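# Residue-level structure breakdown
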Amino acid sequence: MKRDFLRIKDLTRDEIYKIFDITKKLKNQRKKNRIFPVLKGLSIGLLFTKPSTRTRVSFEVAIYELGGNSIYLSGETTQISRGETVKDTAKVLSRYIDGLIIRTYEQEEVEEFAKWSNFPVINALTDLLHPCQVLADFFTIYEKKGTLKNIKITYIGDGNNVCHSLILGADLLGIEIRISCPEKYMPSEKILKQVENKNLVKIDTNPERFIQDADVIYTDTWVSMGDEKEAEERKKIFKSYQVNRKLLESTKKDFIFMHCLPAHRGWEVEDEIIDGKNSVVFDQAENRLHTQKALLCFLYHKL
Ligand code: CP
């Protein structure tokens, strides 16, 4: 039976650890030989209706190095932009390709693709969720800290798709996550209702509240794709949520700073933090490639 990856909770905790094991193997193996052709003969589409640097490139490289063929489909150049239904598109693509990686606005659209296609569908970001990002994020924490046990994550900023997936992932993996957001930009109630271990998720409007004992301090853009018209208003509201030297005065020495990128330097984070010794943002970005390769191997039962 096909497996989709539309949300982090499409995997179990054990499966996530299995994917981390595969990630470690593939990451080591890549140092010797980049090509590991377990997806030979498979074609996987990337249907993107929003811009991307990391997700698109890391998936295309992942598919190439696994011996498969990637086909990039921009939203505007497919017939979906002229009104062809997701159902018809999914049924047609099912006759040609072996998987589809989708970046779009509505979570319902990726769900609809998954419903009508006979291949694995991967969510490469919707307005609600970004599961591929947090798969790499949790792997990065695991790699840097050596464990996910007793880790405390503090997320500061917008209660957006990345924040939602971090919350659901932390719940699944048994990690404490503390969120500092302005009142108007709290995570969605729809997401918070899905949390099973309510004691693991704490939310506050005070950005200083969860700094002191954090192992991970994470932020993201204040202006996600689609929010551009609100940029100036958001900049004012989020001003006190900037991750800067002053906010981080009382941190543990060995905390790690994370950001899914792209960053608006000087907005949500100061240069000296993102470029500082505690920052792991470029290792985190690199791990998108390794974890997505492992995810593909897992979904296609290749390792
Ligand atoms: N973090 C992330 O998804 O980056 P891109 O938007 O560049 O893909």
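Description of the structure in this document. Note that the coordinates shown come from a computational prediction; the quantities given were computed from them, not determined experimentally.

## A word on the sheet that holds strand β7 (residues 201-204)
Within the open sheet, the five strands sit side by side as β7-β6-β5-β8-β9. Their pairing is parallel. Strands with a single pairing partner mark the edges of an open sheet, and in this sheet they are β7 and β9 (256-259). Averaged over all adjacent pairs, the angle separating strand axes in this sheet is 20°, with direction ignored. Strands β5 (152-156), β6 (176-180), β7 and β8 (216-219) of the sheet are contacted by helix α6 (residues 161-173), whose axis makes an angle of about 155° with β6. Those strands touched by helix α10 (residues 281-299) are β8 and β9, and its axis lies near 50° from that of β9.

## A closer look at the layout of surface pockets
Here the largest pocket is characterised by a volume of approximately 590 Å³. Surrounding the largest pocket, 33 residues form its lining, Leu125, Asn161, Thr221, Ser224 and Met225 being those nearest its centre. With three residues, the top contributor of residues to the lining of the largest pocket is α6. Its residues assigned to classes, the lining of the largest pocket shows nine nonpolar, 13 polar and 11 charged.

## Some points on the nonpolar core
Ranked by size, the top nonpolar core spans 63 residues in total, and within it Phe5, Ile101, Ile122, Leu135, Phe138, Ile141 and Leu296 carry the most contacts. In terms of residue count, α6 provides more of this core than any other element does, eight residues in total. In this structure, Phe5 is in contact with Asp10, Leu11, Val121, Ile122, Asn123, Pro131, Cys132, Leu135, Leu295 and Leu299, ignoring residues within four places of it in sequence.

## With respect to the site of the ligand
Taken together, Ser52, Thr53, Arg54, Thr55, Arg103, His130, Gln133, Cys260, Leu261 and Arg288 make up all the residues around the ligand. In the model, an oxygen atom of the ligand is placed 2.6 Å from a nitrogen or oxygen of the Ser52 side chain. A distance of 2.9 Å separates a nitrogen atom of the ligand from a polar side-chain atom of Gln133. Protein chains bury 95% of the 250 Å² of accessible surface belonging to the ligand in isolation. With respect to the detected pockets, the ligand is housed in the largest pocket. Partitioned by chemical class, the residues of the shell around the ligand number two nonpolar, five polar and three charged.

## Remarks on helix α3 (residues 86-93)
Restricting attention to buried positions, one finds in α3 the residues Val86, Thr89, Ala90 and Leu93. The buried residues of α3 occupy an angular sector of 95° when the element is viewed end-on, so they sit on one face. Lining the buried residues of α3 we find β3 (99-103) and α4 (107-116).

## Considerations on a positive patch on the surface
Taken together, Lys87, Lys91, Arg95 and Lys115 make up a surface patch of like positive charges. On the basis of relative accessible area, Lys91 is assigned to the partly exposed category, the value being 42%.

Criteria and thresholds
- Residues numbered from 1 in each chain as written.
- Predicted model: local features only at pLDDT ≥ 70, side-chain atom pairs only at ≥ 80, totals over all residues.
- Heavy atoms only, no water.
- Pairing = 2+ DSSP bridges.
- Helix = DSSP H or I, 4+ residues; strand = E, 2+ residues; numbered from the N terminus.
- Axes fitted to C-alpha atoms, helices over the stretch in contact; angles between N-to-C directions.
- Contact = heavy atoms within 4.5 Å.
- 1 Å grid on protein atoms, 1.4 Å probe; cavity = no way out; pocket = protein on both sides within 12 Å on 5 of 7 lines; lining within 4 Å.
- Points joined across faces, edges and corners; volume = space filled by probe spheres on them.
- Nonpolar A, V, L, I, M, F, W, Y, C, P; charged D, E, K, R; others polar.
- Core = buried A, V, L, I, M, F, W, Y, C linked by side-chain atoms within 4.5 Å.
- Buried < 20%, exposed > 50% of the residue type's maximum accessible area, 1.4 Å probe, protein only.
- Near = heavy atom within 4 Å.
- Polar contact = N/O pair within 3.5 Å; in protein donor to acceptor, adjacent residues only side chain to side chain.
- Areas by Shrake-Rupley, 256 points an atom, 1.4 Å probe, with all protein chains shown as cover.
- Sits in = over half its atoms within 2 Å of the grid points.
- Arc of directions from axis to C-beta.
- Patch = residues over 30% accessible without salt bridge, like charges linked within 9 Å, V, L, I, M, F, W, Y side chains within 5 Å.
- Salt bridge = Lys/Arg side-chain N within 4 Å of Asp/Glu carboxyl O.
- Lys, Arg positive; Asp, Glu negative; His and termini not counted.
- Charge placed at Lys NZ, Arg CZ, Asp CG, Glu CD.

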